[in-house]
Each structure stands twice: as structure tokens, then as C-alpha cells.
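# Breakdown of the fold
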Amino acid sequence: MDLRNSPEEEAFRAEFRAWLDANLPPDWQHRGVGGYREEEDEEIQREWQRRLYEGGWLTLAWPRERGGRGATPVMQSIYQEELALSGAPPIIGRLGVSLLAPLLSVYGSDWQKETYLASILSGELVFCQGFSEPNAGSDLAALQSRAERSDGKWVLNGQKTWSSGAHYADRSFLLARTDPSLPPHHGIGMFLVDMKQPGIEVRPIIQMTGSGEFCEIFLSGALVEDRDVVGSASDGWRMAMATFGFERNGLANATRFERAVAALAELTRQEGAGSDDTVRQRVAQARIESHIFRVNGLRSLTRAQQGMVPGPEASLTKLFWSEMDKRLQETAVSVQGMYGALAPESPWSIAEGQWQYGWMWAQAETIYAGSSEIQRNIIAERVLGLPRGR
Ligand SMILES: Cc1cc2nc3c(=O)[nH]c(=O)nc-3n(C[C@H](O)[C@H](O)[C@H](O)COP(=O)(O)OP(=O)(O)OC[C@H]3O[C@@H](n4cnc5c(N)ncnc54)[C@H](O)[C@@H]3O)c2cc1C
């Protein structure tokens, strides 16, 4: 791969950078490494999404015939890099924009495209993801929520859990079993559910960060029309797998980690912890790992640029960045000595407790989007060709 950007790519970078300069108010920029806190910054995230949408940036990767800009993988990575460098906040409708909208643009009915696509992208309709259940996470096919026909509609009963943003979501894209007599991966439907109806109860789950940005969802007779079934009522597993494909494509970027490593080195200097050999080694290790992550990312980018689909090695990327980030955050908290043990909201915490918040948040990274154990299974079986474990 030629690592230099072409003149067109550099022009694209300049265009997006200029747009960011004009549209990102300085006080919206990343407040250090802990980043935005969902519960505090809902309105900023909503407004930011609207601006990106109106600027045409949220459908960058979509083909032109589906209303996008048909950006190449390199342009998409430039976009991600510039976003990270600018310290932009996340958008409010992350799951709808990154998972559901691309899914609907391929598999949705004309009515669904017409009704939902623009409002998902603009942030007018925020969707949450209702896949996991108390007994169905890694083993998603064990899901038990039911969808049954009654009076020409689908009636949903059951429980979902860990649903990010369900407390403010307008809708959910949710999996439920339509035919329990079939084997686990069959007889599942994907439904677009109105979250503001009487058959839905949402209870936020308070985490150790003190915030409750993901929730339990109780379904007791929630209603869905036929037109809100994605694909057919037995196509849910295929739809779910397609959303995971979109998820793997957009989770992390090297620039974010390089910025975090630079902030960690600065923190180490400030705290006078650099004279400790172990700390020095850990900071250097973080720098090396972020570089390996970038180089490996370039390898994936080369594959994408050559039109090859991401293979099971995407699991290597997910496993590597999530474990690397946990180590990095842990180093940052430990260089603070006893101050590292303070809660983020303590008036004596360093850098407004952003590292502590980041450390707590990083614990989730090795769980969502496929836990580290699941990624290791995939690497063992599909990359290394080892025999399947019992
Ligand atoms: C921050 C966050 C946000 C999330 N947001 C959403 C959301 O919006 N919507 C949604 O539907 N879900 C969401 N999830 C749920 C997430 O998808 C699940 O947590 C994940 O799939 C793991 O499932 P589980 O929690 O039930 O754990 P389990 O699957 O019960 O796993 C428990 C432990 O056993 C290990 N394990 C499980 N199976 C195997 C195996 N075969 N081999 C080896 N080890 C195994 C796991 O690695 C883990 O350590 C979110 C999770 C987090 C942490």
C-alpha cells in the first residue's frame, strides 16, 4: 500500500477540516480523555448529529445511488481521523446511524426507507438496540422474547437488557422470536418498535460510573405493525448478523488512542511519576501498542481498498484495541497514586476525574460488540484453524 494520500484525498481532508472549523464550537471539544458523558451532554450530541447530517457527512460511505458520497475506505478513515483530532462529541443516535440506517438502506422496504432513513440520520428519531436479554448475550440465539400475531398486529412480550440509550430512544430495533418451534437461529424477527407506547417499560441500570445510560426494557403486550418488520418475520437472525457487520467496521480509530497516549505521557510528567521504571515501561508500552494498532489498521485499510471484505481478523482488532485501552486507562489511574482512587466527582480528583471515568468506562469495552473471550474463540477457530472448544 502507498501510505501517502493522493491529492484528491488531501483535498477531502482539507474540506472536512474546514467544515469542522466552521461548525464545531470550541466549547464542544473533547474535555480531555474521559470524553463526553452521555447523561450530561444529550443536547450537544443531538445538535452535533443534526449539523453533521445537514452537512451530508453521515452518509459519507454510502453509495451514491443510495444518497451517499461513495467515499473510499481511505476517505472514511480520514473522516474518522479528523473527527478524533478535532475532539468532536459523539452523536446522539449512534446505533441508529451506524447500524440501523445502513441495514434499512439495503434490506428495508420502500416504506421503511421513506419513513425512517432521513429522521434517523438527522437525529429526529433516536433508535436503541434491543438484542440482548438476561439469558441471551454472547449466545444471542438463546433469546426468548416473543412476537405473536393478534388482530393483524404483532404483540411483543419479554425482557431486553443492556439497551444503550433506551431511556431517551423514540424507537428500538429489536429481536423477538416469532416461531419458537424452530431451531434457535430460525423463527426470529427484527421489529421497529415504538418505545413510547403503553406496553413498554424502560428502567435505566446504574453503573459504577454513576450514570445509567443503558437500560432494561420490559415488553408486555407492545404492538408492532407488519410494515415495521425488517425483512420477513423469520429473517431476524440474518438482519442481526448484517448489523454486526456494520458494527465491526466502525468501532475504533488509531488517532483516538494516540491522543490518549500523549495525554497519558503529559499526566505522567505532571505527576512526577516518570522516574518510576515500571511507570515508564507502561507508558512506553501504551505508545508501542497504539502504533501497532495504527499499522494493523493500515493493513485492514489496504484490504478494504482492494475491495476485500473484513474477515475474522476484525476480531483481532476488536480484541486488541479494547484490551489496550483498558491497560492504558489503568496506567493513567495508577500514576495518580492515591488520587487515582478518588471518584470523578471529587473536588480533589485530577483532571476533573476524567481518567477515572475513562477507566471505569473501559471495563465495558471488552464486553460489548463481542466480549474478549468470544473474540479469542473466533481467532482460535477461524483465523488459526484450531479445533472447536467444548
Ligand atoms: C456498554 C455496553 C453497552 C451495550 N449496549 C447494548 C445495546 O445497546 N443493545 C443490546 O442489545 N446489548 C447491549 N449490550 C450487551 C452486550 O451485547 C452483551 O453484554 C454482550 O453480548 C455479552 O453478553 P452478556 O453480558 O449476557 O454476557 P454473557 O454472554 O453471559 O457472558 C458472560 C461471560 O462469559 C463469557 N462467555 C460467554 N460465552 C462464552 C463462550 N462461548 N466461550 C468463552 N467465554 C464465554 C463472556 O466472555 C463473559 O466473560 C451492551 C453491553 C455493554 C457492556
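Bear in mind that the values here come from a model prediction, so they are computed numbers and not experimental data.

Reading guide: rules and limits
Residues numbered from 1 in each chain as written. Predicted model: local features only at pLDDT ≥ 70, side-chain atom pairs only at ≥ 80, totals over all residues. Helix = DSSP H or I, 4+ residues; strand = E, 2+ residues; numbered from the N terminus. Rg over C-alpha atoms; globule rule 2.2 N^0.38 Å. Contact = placed C-beta atoms within 7 Å. Near = placed C-beta within 6 Å. Expected span 1.5 Å × (residues − 1). Bend = angle between axes of the 7 residues up to and from the residue. Buried ≥ 20, exposed ≤ 12 C-beta atoms within 10 Å, placed from the backbone. Axes fitted to C-alpha atoms, helices over the stretch in contact; angles between N-to-C directions. Left-handed = near helix turned anticlockwise from the far one by under 90°. Nonpolar A, V, L, I, M, F, W, Y, C, P; charged D, E, K, R; others polar. Core = buried A, V, L, I, M, F, W, Y, C linked by C-beta atoms within 7 Å. Domains from an automatic or database assignment. Pairing = 2+ DSSP bridges. Parallel < 35°, antiparallel > 145°, perpendicular 65-115°, else oblique.

## So, the overall build of the chain
Scanning the chain from N- to C-terminus turns up 11 helices and eight strands. A globule of 390 residues ought to have a C-alpha radius of gyration of about 21 Å, and the chain, at 22 Å, matches this closely. In terms of overall dimensions, the chain has C-alpha extents of about 70 × 50 × 50 Å along its principal axes. Taking as baseline every contact in the chain between residues at least 6 positions apart, the subset at least 24 positions apart corresponds to 70%.

## Topic: the site of the ligand
Neighbouring the ligand are 18 residues, the closest being Phe131, Gly137, Ser138, Ser371 and Glu373. At the level of elements, strand 1 (127–130), strand 3 (153–164) and helix 11 (372–383) are the ones that each hand at least two residues to the shell around the ligand.

## Considering helix 4 (residues 94–107)
With 14 residues, helix 4 should cover 20 Å at 1.5 Å per step; its first-to-last C-alpha distance of 19 Å lies within 8% of that length. At leucine 100, helix 4 shows its maximal kink, close to 40°; a proline, proline 102, follows between one and four residues later. Within helix 4, the full set of buried residues consists of Leu95, Gly96, Val97, Leu99, Leu100, Ala101, Pro102, Leu103 and Leu104.

## Some points on the packing of helix 9 (residues 314–334) against helix 11
One way to put it is that helix 9 packs onto helix 11 with a least axis distance of 9 Å and a crossing angle of 145°. Seen along the crossing, helix 9 lies across helix 11 with a hand that is left-handed. The residues of helix 11 that touch helix 9, namely those facing Ser315, Leu316, Lys318, Leu319, Ser322 and Glu323, are Ser372, Gln375, Arg376, Ile378 and Ile379. Classifying every residue of the contact of helix 9 with helix 11 gives four nonpolar, four polar and three charged.

## Quick look at the nonpolar core
Of all hydrophobic cores here, the largest spans 50 residues; its most connected members are Leu100, Ile120, Phe127, Leu156, Leu175, Phe191 and Val193. Here this core takes seven residues from helix 4, the largest share from any one element. Both domains that furnish three or more residues to this core are identified here as domain 1 (7–92) and domain 2 (127–236). Excluding its chain neighbours within four sequence positions, the residues that come into contact with isoleucine 120 are Gly93, Gly96, Val97, Leu100, Ala101, Leu125 and Phe127.

## Points about the domain arrangement of the chain
The assigned domain composition of the chain is domain 1 (7–92), domain 2 (127–236) and domain 3 (251–383). Between the C-alpha centres of domain 2 and domain 3 the distance comes to 32 Å.

## Here we look at the pairing of strand 7 (residues 214–224)
In the sheet, strand 3 pairs with strand 7 via nine bridges, with the strands oriented antiparallel. Within the sheet, the bridge partner assigned to asparagine 157 lies in strand 7 and is serine 220. Here strand 6 (residues 200–205) runs beside strand 7; their pairing, made up of six bridges, is antiparallel. When the sheet's bridge partners are listed, proline 204 is paired in strand 7 with cysteine 215.

## Focus on unusual backbone geometry
With a phi close to 50°, aspartate 151 is a non-glycine residue in the positive phi region. Structurally, aspartate 151 is set in the loop between strand 2 (146–150) and strand 3. With 6 C-beta atoms packed within 10 Å, aspartate 151 lands in the exposed category. Phi is positive for alanine 369, close to 55°, though the residue is something other than glycine.

## Structural notes on the environment of proline 134
Secondary-structure assignment places proline 134 in the loop between strand 1 and strand 2. On the basis of neighbour count, proline 134 is assigned to the exposed category, with 12 C-beta atoms found within 10 Å. When the C-alpha positions of proline 134 and tyrosine 357 are compared, they lie 26 Å apart, and in sequence the two are 223 residues distant. Sequence-distant contacts of proline 134, that is, excluding residues within four places in its chain, are made with Gln159 and Thr161.

## As for the pairing of strand 1
The alternating pattern of strand 1 places Phe127 and Gln129 and Cys128 and Gly130 on opposite faces, both of which are buried. Bridging between strand 1 and strand 4 (residues 171–177) involves four bridges; their strand directions are parallel. Bridge pairing in strand 4 places glycine 130 opposite leucine 174.

## Some thoughts on the environment of glutamine 49
Tracing the chain through its elements places glutamine 49 in helix 2 (residues 42–54). The exposure class of glutamine 49 is buried, given the 25 C-beta atoms found within 10 Å. Residues within four places of glutamine 49 in sequence aside, it is in contact with Ile91, Ile92, Gly93 and Gly123.

## Remarks on the packing of helix 7 (residues 254–270) against helix 8 (residues 277–305)
Packing of helix 7 against helix 8 brings their axes to within 9 Å, and their N-to-C directions diverge by 165°. When the axis of helix 7 is compared with that of helix 8, the two are roughly antiparallel. Our pair here, helix 7 against helix 8, has a crossing hand that is left-handed. Residue-level inspection shows Ala254, Phe257, Glu258, Val261, Leu264, Ala265 and Thr268 of helix 7 in contact with helix 8, the latter providing Val279, Val283, Ala286, Arg287, Ser290, Phe293, Arg294 and Gly297.

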